[in-house]
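# Remarks on the overall topology
Listed here are the chains, written in short residue letters.
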Amino acid sequence: MQDNKRCGKCKKPYPATVEYFYRDRSRIDGMTRQCKTCKREVVNKMYKEQSKSIKGRLRVIWKQMLQRCSNPRRKDYKYYGERGIKVNFDSFEDFLTHILNELKTETRGLDIDRVDTNGHYERGNIRFITHAENMKNRRVNK
Ligand SMILES: [Zn+2]
């Protein structure tokens, strides 16, 4: 018989086997501190929060994009709105769907960019690059 291992979260004792705990090589007994049920809960919550924060960040990007293309009082309007660059997405949800479900790209910590700098913000013409790359491109464009 195997010794019981108490879950670090729900405090319930379970047999110390991989049936009840996930493998974790970094730990002395080779298993996670939390039982599978708790671990799953924690991971799900983390994913949910992560996707919430990705959405929040994309919303900021979306608003800035609209501003650049439509607000003449913005400093960078001359590179966008004045040059006829448009945002060709129906709504923020449309934009979000495109990035998360169609582009399926990493956006964390990245800036939005247009593949063709004379093109619009639209399907097929947006990508995400690092801030450093973005700055470099801007210098080249000038
Ligand atoms: Zn537990």
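Each remark here, short or long, concerns the structure printed above.
This write-up is about the structure you can find in this document. (Residues numbered from 1 in each chain as written. Predicted model: local features only at pLDDT ≥ 70, side-chain atom pairs only at ≥ 80, totals over all residues. Heavy atoms only, no water.)

The next subject is the overall build of the chain. Along the chain, the regular secondary structure elements total 3 helices and 6 strands. The order of helices and strands in the chain, counted from the N terminus, is β-β-β-β-α-α-β-β-α. Here the C-alpha radius of gyration of the chain, 23 Å, is well above what a compact globule of 142 residues would show, namely 14 Å. The principal-axis extents of the C-alpha atoms in the chain amount to approximately 75 × 30 × 25 Å. Expressed as a percentage of its 142 residues, the buried residues of the chain come to 32%. Summarising the internal contacts of the chain: among those between residues at least 6 apart in sequence, 44% fall at separations of at least 24. (Helix = DSSP H or I, 4+ residues; strand = E, 2+ residues; numbered from the N terminus. Rg over C-alpha atoms; globule rule 2.2 N^0.38 Å. Buried < 20%, exposed > 50% of the residue type's maximum accessible area, 1.4 Å probe, protein only. Contact = heavy atoms within 4.5 Å.)

Here we come to the coordination of the zinc ion. Coordination of the zinc ion by the protein comes from Cys7 (SG), Cys10 (SG), Cys35 (SG) and Cys38 (SG), over a distance range of 2.2 to 2.3 Å. Taken together, the 4 donor atoms coordinating the zinc ion and their angles of 101 to 122° define a geometry best described as tetrahedral. Look at where the donors of the zinc ion fall in the sequence and you get C-x2-C-x24-C-x2-C. Look at Cys38 and you get buried, because its relative accessible area is 7%. (Donors = N, O, S within 2.8 Å, 3.2 Å for Na, K, Ca; no water. Tetrahedral: all angles 85-135°; square planar, octahedral: opposite > 155°, others 65-115°.)

Let us look at helix H1 (residues 36–70). Over its 35 residues, H1 extends 50 Å from the first C-alpha to the last, a length consistent with the 51 Å expected when each residue adds 1.5 Å. Every buried residue belonging to H1 is among Cys38, Ile54, Leu58, Ile61, Trp62, Met65, Arg68 and Cys69, and all of these are buried. The inward-facing, buried residues of H1 contact strand S4 (31–35), helix H2 (92–103), strand S5 (111–114) and strand S6 (126–129). (Expected span 1.5 Å × (residues − 1).)

Turning next to the nonpolar core. Leu58, Phe95, Ile112 and Tyr121 are the most contacted members of the largest nonpolar core, which totals 19 residues. Elements with a minimum of two residues in this core: H1, H2 and S6. In contact with Phe95, not counting residues within four places along its chain, are Leu58, Ile61, Trp62, Met65, Phe89, Ile112 and Ile126. Judged by nonpolar contacts, the second largest core, of 7 residues, contains Cys7, Met31, Cys35 and Cys38. (Core = buried A, V, L, I, M, F, W, Y, C linked by side-chain atoms within 4.5 Å.)

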